[in-house]
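Okay, here's what each chain looks like letter by letter:
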Protein chains: 2
Amino acid sequence: MGLDDRKLAVLRAIVEDYVATQEPVGSRALVERHQLGVSPATVRNDMAVLEEEGYIRQPHTSAGRVPTDRGYRLFVDRLSRVKPLSPAERRAIERFLLGAVDLDDVVHRTVRLLAQLTRQVAVVQYPSLARSSVRHLELVPISTTRLMLVMIADTGRVEQRLVEMPGPIPADDVTDLRRLVNEKLVDTRLSETPPLVQALVDEVSPDLRPAMATLSSVLLETLVERHEERIALAGTANLTRGGLLDFQGSLRPILEALEEEVVLLKLIGEVEESSMRVRIGDENEIDNLRAASVVSTGYGPGSTIVGGLGVLGPTRMDYPSTIATVRAVARYVGDLLAQN
Amino acid sequence: MGLDDRKLAVLRAIVEDYVATQEPVGSRALVERHQLGVSPATVRNDMAVLEEEGYIRQPHTSAGRVPTDRGYRLFVDRLSRVKPLSPAERRAIERFLLGAVDLDDVVHRTVRLLAQLTRQVAVVQYPSLARSSVRHLELVPISTTRLMLVMIADTGRVEQRLVEMPGPIPADDVTDLRRLVNEKLVDTRLSETPPLVQALVDEVSPDLRPAMATLSSVLLETLVERHEERIALAGTANLTRGGLLDFQGSLRPILEALEEEVVLLKLIGEVEESSMRVRIGDENEIDNLRAASVVSTGYGPGSTIVGGLGVLGPTRMDYPSTIATVRAVARYVGDLLAQN
DNA sequence: GACTGGCACTCGCTACAGTCGAGTGCCAGG
DNA sequence: CCTGGCACTCGACTGTAGCGAGTGCCAGTC
């Protein structure tokens, strides 16, 4: 499978043209629009090889060629030239994110920004609790037997949960409980709290023990076990762009997938390092998304990762600029979080 | 415009058949499927009158009739027979909502339930802050100059906001501030707090004044002025049901509208009493939704209203059962809130 | 006067044939 | 190894014809 430079150039040209025009591209059009320095006939020969190797295909005889998922993959890996963001885009990002007042706001602005810049569906995961540390725990008496447990994480996330205590609980006890949980848990990563939480019960005077038991079980259950991941979504209307050509005419499966938080998390939440991840068409594990591509990355203050973000679009998307945009937005959001 | 009983029966039959089959209904089919006791010819005459009056129309000359928005309106107002929910549905609602652990959970479950039962797009507004009362205000020191303000409302909503203080603030001062704001604000409706909040600054010792000023301005701004309405959405995939027939082939405007919180709030947030509201096609003030219908109502504990919920679907929806479902879900959610 | 059967008419839908043209594969020659 | 030329394929489009669902109207009946 010798793909010489010219064949690669042809593939690149096909991808670029097809992404731009959305129509199968023929050999004549190619030599006209790109400086390949050869005739259409030569290009046709190259195309025949590329097709044999599975990088492009013909929708039907006598039509132009269209990249396959495999073709896009090769393009992304080896052929795409980086498109730096325009200054206008950089400014847009900064302006957009600057006014954010709290985490909710940051996430919402980010997801809208991403959707707008890439003109695709954007997904942003809230900073994961599993990757956060406890900054403060607050206990607020709601009634004699009810406390509101509020956890504030270093990533800015705030979670609350109503705790039904086993019996009436005096103000002094609340103070004691509060002091204790904070002493033991502040500054530890949530993923590492379970043993500490379990140990809490033993650290407390016998009369406080039932209260602490309830409290710690709620802590464990809510904040660690079913660790509340949250997701923001925007730009679904962009799916309808490009008529019914993309997604082979049916938005159904895509919309269904986007409704499932679990699916979204799988898409953008599985990030370990901050590297870009591009999944093209068939490479997606989720069947409903076999007609789509996902570009995602992790984000976080500095070089740590607290969550993922990305966009979803048709396989025929403009990968270079999408990748550039996603990367840039992730970096800005990370910087923003670092300022806190 | 004399519409005698039979003509109304014909209209009802047309609506019911069209909703069921999604195809223009002709005179023959009508007499076959309904006991009208007259011949197709007679029905045709009635149809001619109904068409003249604007209740139905013909997509093209030799096709059957289709209800107009006006026809649906008449149907909803005078012709539809109430469809009681099946016991299975009631049980589904109860089971679905029973396990909810907090407000977020209640809202999410509700919106999914609604989407699933009606097979349409469901929208649920979180209990409006404007309609909530303050249950407790908590101040949590985050750093020497930063406080986290947490407001817990009687409706279960919890809002937080980071407050950047003008200078370092000792623990005792925090206690004082906390006591004061709680004393003055607890149990008042948020919509009535502004004068009280403004008065706070004067009630405080001179050295606390700058701190209180900052605090009260944040309170005012965040919790009252741009009163954070929140919305949950589910079931967008249901828009693709019925192929491209509904929404005249383009989901675009609908999806766009659903992305705008402001629009959604307008749709379901404007509820004063707990009565059902049905907006059919053209009756919608939002241009993008001229091809859709919205069924909404208020909900809340007892007879008070704290927020709105509803569904959006094609004008050719099954109004009776949609209305019944929305009403039932609203009632269940209200009861659930009352238990807190 | 209201209803009915009958009939002519309309018009979208489908099938079919014919034409056009973009694009290809292949081959012979440079 | 590249190129120009040529035959071929096949989708897209056009026009025509037949079908059938459904209508509007009218004359006749109860």
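Summary of the structure given here. Treat the numbers as computed from the prediction; the structure is a model and nothing was measured.

## Quick word on the interface of chain B and chain A
Quoted interface sizes are often the accessible area lost when the parts come together. Residue-level contacts link 23 residues of chain B with 23 residues of chain A. Elements that contribute at least two residues to the side of chain B that touches chain A include exactly strand S4 (134-143), strand S5 (146-153), strand S6 (158-164) and helix H10 (252-259) of chain B. For the side of chain B that touches chain A, the element with the highest residue contribution is S4(B), accounting for five residues. Each residue belonging to the side of chain B that touches chain A can be placed in one class, and the counts come to eleven nonpolar, five polar and seven charged.

## Structural notes on the protein's contact with DNA strand D
Surveying the vicinity of DNA strand D reveals 20 residues, the closest of which are A:Val38, A:Thr61, A:Ser62, B:Gly26 and B:Ser62. When contributions to the surface near DNA strand D are tallied by element, the ones reaching two or more residues are helix H3 (40-52) of chain A together with helix H2 (27-33) and helix H3 (40-52) of chain B. Among the elements that take part in the surface near DNA strand D, H3(B) stands out by supplying four residues, more than any other. Split into classes, the residues belonging to the surface near DNA strand D amount to seven nonpolar, ten polar and three charged.

## Description of the relation of the copies chain B and chain A
Under the fitted operation, chain B is carried onto chain A by 0.0 Å of movement along the axis and a turn of 180°, and the coordinates agree to an RMSD of 0.1 Å. Between the two chains, the operation in question is that of a two-fold axis. Of all interface residues in chain B, 100% are interface residues in chain A too; the two copies therefore contact each other through one and the same surface.

## Quick look at helix H1 (residues 5-21) of chain B
Residues and elements named next belong to chain B. With 17 residues, H1 ought to run about 24 Å at 1.5 Å a step, and its terminal C-alpha atoms sit 24 Å apart, in line with that. In this structure, the buried residues of H1 make contact with H2, H3, strand S1 (56-57), strand S2 (66-67) and helix H4 (69-79). Note on H1: the residue one or two positions beyond its end, Gln 22, has a positive phi of about 70°.

## Things to note about the packing of helix H5 (residues 87-98) of chain B against helix H6 (residues 103-118) of chain B
Residues and elements named next belong to chain B. The interhelical angle for the contact between H5 and H6, taken along N-to-C directions, is 155°, at an axis separation of 10 Å. Put simply, H5 runs roughly antiparallel to H6. Seen from above, H5 lies across H6 with right-handed handedness. When H5 is examined against H6, the residues Glu 89, Ile 93, Phe 96 and Leu 97 are found in contact with a partner set consisting of Arg 109, Thr 110, Leu 113 and Leu 117. Among the residues forming the contact of H5 with H6, the class breakdown is five nonpolar, one polar and two charged.

Cut-off values and rules
Residues numbered from 1 in each chain as written. Chains lettered and ligands numbered in written order. Predicted model: local features only at pLDDT ≥ 70, side-chain atom pairs only at ≥ 80, totals over all residues. Contact = placed C-beta atoms within 7 Å. Helix = DSSP H or I, 4+ residues; strand = E, 2+ residues; numbered from the N terminus. Nonpolar A, V, L, I, M, F, W, Y, C, P; charged D, E, K, R; others polar. Near = placed C-beta within 6 Å. Least-squares fit on C-alpha atoms with pLDDT ≥ 70 in both. Expected span 1.5 Å × (residues − 1). Axes fitted to C-alpha atoms, helices over the stretch in contact; angles between N-to-C directions. Parallel < 35°, antiparallel > 145°, perpendicular 65-115°, else oblique. Left-handed = near helix turned anticlockwise from the far one by under 90°.

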